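Spelled out from the first residue to the last, the chains are:
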Amino acid sequence: MSRESLTWLNQNTLIGFTTKRGTAWHYRASHQGDEPNHYSGPIPVADVKRRLFHWQPVEGTVETSYLTGDGVTRLTDPTRKTIIRPDTGHILGIFKQGFQIHEYNRWLVDHIETILDADLAIGSAGLLRGGALAWVQVELPDTCTTPEGVAFRPFLSAATSLDGSLSSTYQTGAQLIVCDNTLSAALASNNAKRVKIRHSRKSLDRIVDVRDALGIIHQAADNFAAEVQQLCLVEVSNAHWRAFLDQHVPVPQERGRGRTLAETKRLALSRLWTQDERVAPWSGTAFGVLQAVNTYTHHGQIVRGAVRAERNMHRMVTGDVDDLDLTTVQTLEKVLNRSILSAVA
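Small disclaimer: the values here were computed from a predicted structure and weren't measured. (Residues numbered from 1 in each chain as written. Predicted model: local features only at pLDDT ≥ 70, side-chain atom pairs only at ≥ 80, totals over all residues. Heavy atoms only, no water.)

When you look at the overall build of the protein chain in this model, what are you seeing that I'm missing?
A tally of regular secondary structure across the protein chain gives 12 helices and 11 strands. Residue burial in the protein chain is summarised as follows: out of 345 residues, 50% are buried. For the protein chain, restricting intrachain contacts to residue pairs at least 6 apart in sequence, the fraction spanning at least 24 positions comes to 63%. Carbon and sulfur atoms provide 48% of the accessible area of the protein chain, an area that totals close to 15,800 Å². (Helix = DSSP H or I, 4+ residues; strand = E, 2+ residues; numbered from the N terminus. Buried < 20%, exposed > 50% of the residue type's maximum accessible area, 1.4 Å probe, protein only. Contact = heavy atoms within 4.5 Å. Areas by Shrake-Rupley, 256 points an atom, 1.4 Å probe, with all protein chains shown as cover.)

Sorry if this is basic, but what is going on with the sheet that holds strand 3 (residues 71–85) here?
Remark on secondary structure: sheet strands pair via backbone hydrogen bonds, oriented parallel or antiparallel. On the basis of which strands lie adjacent, the open sheet formed by three strands has the order 2-3-4 and antiparallel pairing. Of all strands in the sheet, those with a lone pairing partner are strand 2 (58–68) and strand 4 (90–96), marking the two edges. Each strand axis lies, on average, 55° off the axis of its neighbour in the sheet, ignoring direction. Note: strand 2 against strand 3, 11 bridges, orientation antiparallel. What sits directly across from Glu 63, in strand 3, is Thr 76. (Pairing = 2+ DSSP bridges. Axes fitted to C-alpha atoms, helices over the stretch in contact; angles between N-to-C directions.)

Even after reading the chapter, I still don't get the environment of Tyr 39, so can you show me in this structure?
Checked against the element boundaries, Tyr 39 lands in the loop between helix 2 (18–21) and helix 3 (45–51). Along the sequence, Tyr 39 and Thr 23 sit 16 residues apart, while their C-alpha atoms lie 9.1 Å from each other.

Help me understand the packing of aromatic side chains, please; the structure alone is not making it clear to me.
When we look at a pair of aromatic rings, we describe it by the centre distance and by the angle of the planes. Taken as a whole and judged by the stated rule, the model has seven aromatic pairs. Between the aromatic rings of Trp 282 and Phe 287, the centroid separation amounts to 5.6 Å while the plane-to-plane angle is 85°, which identifies the pairing as edge-to-face. Using a relative accessible area of 9% as the deciding quantity, one classes Trp 282 as buried. Here the guanidinium or amino end of Arg 153 rests over the ring plane of Phe 17, the centre of that ring lying 4.8 Å away. (Phe/Tyr/Trp six-rings, centres within 6.5 Å; stacked < 30°, edge-to-face > 60°. Lys NZ or Arg CZ within 6 Å of the ring centre and 35° of its normal.)

Can you walk me through the environment of Arg 266 in this structure?
Relative to the elements of secondary structure, Arg 266 occurs in helix 8 (residues 257–274). Taking the C-alpha atoms as reference points, Arg 266 and His 248, 18 residues apart in sequence, are found 9.0 Å from one another.

Got a minute to help me understand the nonpolar core in this structure?
Soluble globular proteins tend to bury their nonpolar side chains together. In terms of nonpolar packing, the biggest core is built from 73 residues, with Val 48, Phe 53, Val 136, Trp 241 and Phe 287 touching the most fellow members. In terms of residue count, helix 9 (residues 286–299) provides more of this core than any other element does, seven residues in total. Sequence-distant contacts of Val 136, that is, excluding residues within four places in its chain, are made with Val 48, Phe 53, Leu 108, Val 109, Ile 112, Ile 122, Ser 124, Ala 125, Leu 156, Ser 157 and Ala 158. (Core = buried A, V, L, I, M, F, W, Y, C linked by side-chain atoms within 4.5 Å.)

In structure tokens:
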């Protein structure tokens, strides 16, 4: 993970629908440059291409040189190649010849553009790791609100990389307005709403898989609303909450840094559970537990080697949010000694 600055995030990510969702919490007007990166409505496709994907990755050779008694000897490795960002000159990755570039305009914008209509538009897009990773996210124009008071925006994200860190991935999720968190929209079937395509020579044959994935965003809203309803029906007492903390953040018996960190994390989670407006309205329910852990991970957990906003974006595009939420629910199931996921399904 690179250490992207706030300036990078404000100039290399685009955030739409701010009249519905507000500004991103990493927003800094002083870092915007010549053109703001926030849009009151949807982000135009042309702006994504012009501002983010205006360059095309190119392939280069892998060469090395060494000194001999006769001078400098240069060697080229015919089995490997580099992927270069030509406008900056940065080498984004070194691969075997079989690595297939998934160019951003085709694999992200063009595929996503096939489903854009009056009900779907681009809500965010961006570059991370100096341009080695990119995503485009499609959203419904209106914010959804469940009877339980959870306001969210369902989305489908398309992400890929030029450094080999991420297959081309298409998946659904939901962003909560109250805290700018990303939550899973398919806990009961974690992998059913995700398509991954590796960077191989045969990857171009799997375009039909992408087309299938792009038809699921309208279902994501219904799935997430059903999850919230069922999770809010599952009661979690204060005793259950303490038992959950014992499982989620066990405290070492030995005094030292590990014990201090665990106690600090438990205190932060408990404050969210009882006092914070992003969690407390659903305290006493399974959704409150999910929201406490997710909110802490997004906004409270110590971040090393990256700006927090970048880490959160990376978690969203790679699907780590699904893994986080699923693990939280599974831990709570052990505490309650009952199945929650079957209820959600």
